[in-house]
Amino acid sequence: MPGCLFCNIVAKSTPAQIVFENDHVLAFKDIRPVAPVHALVIPRQHITGIHEATPADVEVLGRVLLAARDVAEQLGLAEGGYRLVVNQGKNAGQSVLHLHCHVLGGRPMAWPPG
Ligand code: AMP
Ligand code: ZN
């Protein structure tokens, strides 16, 4: 989608520290990490957020989750555990309108989240 930051990262017109990619998804380091390990997994195709996803997106949504699992493994989080987060809309603080799954780890995390 024109003007979408994460579509530009997919197109490689905006640089990112890519840690994983396949035909369906891309993962890269978050530019403002909130944990010792903080990566984002995104579908290559533009989906604005989880609330805009449809049954046609079921495969890519599964691929995002499996890629998040692989990224967590690759970044050394398997043993200590990690958290996957999808922010949707205003109250959740979604700031980039291209679906992304945060992979957070490397420290204990509070529950409930803030
Ligand atoms: P959210 O608040 O859930 O929409 O998350 C968006 C995330 O994207 C934030 O954690 C930002 O730090 C991150 N972010 C914004 N711009 C970039 C960028 N150019 N490269 C990597 N991460 C980014
Ligand atoms: Zn996009």
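So, how was this worked out
In this numbering scheme, every chain counts its residues from 1 along its sequence in written order. As a convention, the first chain written is A and the first ligand written is 1, with the rest following in written order. In keeping with the predicted nature of the model, local features appear solely for residues at pLDDT of at least 70, side-chain atom pairs appear and are counted solely at 80 or more, and the whole-chain, interface and lining totals rest on all residues. Computation of side-chain values covers all heavy atoms of the structure but excludes hydrogens and water. The numbering of helices and of strands both runs from the N terminus, where a helix is a DSSP run of H or I of at least 4 residues and a strand a run of E of at least 2. Using C-alpha atoms as the atom set, the radius of gyration is obtained and then compared with a globule rule of 2.2 Å times the number of residues to the power 0.38. For the exposure calls, accessible area comes from a 1.4 Å probe over protein chains only, and a residue counts as buried if that area is under 20% of its type's maximum, exposed if over 50%, partly exposed in between. Polar contacts here mean pairs of N or O atoms no more than 3.5 Å apart (in protein, one a potential hydrogen donor and the other a potential acceptor; neighbouring residues in sequence count only if both atoms are side-chain atoms). Here, residues are in contact when the closest pair of their heavy atoms is within 4.5 Å. Note on definitions. A residue lies near a molecule or strand when any single heavy atom of the residue is within 4 Å of it. Note that accessible areas follow from Shrake-Rupley with a 1.4 Å probe, and for residues the cover is restricted to the protein chains shown. Gly counts as polar in this scheme, as do all residues outside two lists: the nonpolar Ala, Val, Leu, Ile, Met, Phe, Trp, Tyr, Cys and Pro, and the charged Asp, Glu, Lys and Arg. For Na, K and Ca the donor cutoff is 3.2 Å, while for all other metals N, O and S atoms count as donors only within 2.8 Å; water does not appear among the atoms, so some sites may look incomplete. In this scheme the shape depends on donor count and angles: four donors with every angle between 85 and 135 degrees give tetrahedral, four or six donors with opposite pairs above 155 degrees and others between 65 and 115 give square planar or octahedral in turn, and any other case is irregular. Here, any two strands with at least 2 DSSP bridges between them count as paired. Here, axes are lines fitted to C-alpha atoms. For helices the fit covers the stretch in contact, and angles between N-to-C directions go from 0 to 180 degrees.

Colleague: What is the right way to look at the overall build of the protein in this model?
Modeller: Along the protein, the regular secondary structure elements total 3 helices and 5 strands. Secondary structure of the protein in N-to-C order comes out as α-β-β-β-α-β-α-β. Compactness check: the protein gives a C-alpha radius of gyration of 14 Å against a globular reference of 13 Å for 114 residues, within 12% of the reference. A principal-axis box enclosing the C-alpha atoms of the protein has dimensions of 35 × 30 × 25 Å. In the protein, which comprises 114 residues, the proportion classed as buried is 35%.

Colleague: Mind showing me how you'd approach the side chain of His-38 here?
Modeller: Note that His-38 resides in strand E3 (residues 37–43). For His-38, the side chain forms a polar contact with the main-chain nitrogen of Val-34, separated by 3.1 Å. For His-38, the residues in contact, after removing those within four places along its chain, are Lys-29, Asp-30, Arg-32, Pro-33, His-102, Val-103 and Leu-104.

Colleague: Looking at this structure, how should I read the site of ligand 1?
Modeller: Around ligand 1 lies a shell of 16 residues, among which Asp-30, Asn-87, Ser-95, His-100 and His-102 are the nearest. Measuring from an oxygen atom of ligand 1, one finds a backbone N or O atom of Val-96 at 3.1 Å. Burial of ligand 1 by the protein amounts to 86% of the accessible area it has alone, namely 500 Å². The element best represented in the shell around ligand 1 is helix H1 (residues 5–10), accounting for 3 residues. Residue composition of the shell around ligand 1, grouped by class: 7 nonpolar, 6 polar and 3 charged.

Colleague: Help me understand the coordination of the zinc ion (ligand 2) in this model?
Modeller: Under ideal tetrahedral coordination, the four donors around a metal are separated by 109.5 degrees; under ideal octahedral coordination, the six donors are separated by 90 or 180 degrees. Around the zinc ion (ligand 2), the protein contributes the donor atoms Cys-4 (SG), Cys-7 (SG), His-46 (ND1) and His-98 (ND1), at 2.1 to 2.3 Å from the metal centre. With 4 donor atoms in place around the zinc ion (ligand 2) and angles of 107 to 115 degrees between them, the coordination shape is tetrahedral. The sequence motif formed by the donor residues of the zinc ion (ligand 2) is C-x2-C-x38-H-x51-H. Relative accessible area serves as the criterion here: at 12%, Cys-7 is assigned to the buried category.

Colleague: What's the story with the sheet that holds strand E1 (residues 18–21) in this structure? I'm lost.
Modeller: Strand pairing in a sheet is mediated by backbone hydrogen bonds. Such pairs are either parallel or antiparallel. Strands sit in the order E1-E2-E3-E5-E4 across an open sheet of 5 strands; the sheet is antiparallel. With partners counted over all chains shown, the strands left at the sheet margins are E1 and strand E4 (82–85), one partner each. The average undirected angle you get between the axes of adjacent strands in this sheet is 20 degrees. Taken together, the 5 bridges between strand E2 (residues 25–29) and E3 define a ladder with antiparallel strand orientation. In the sheet register, Ala-27 faces E3, and the bridge partner there is Val-41. Contacts from helix H2 (residues 58–74) reach E1, E2, E3, E4 and strand E5 (101–105), with the element oriented near 155 degrees to E3.

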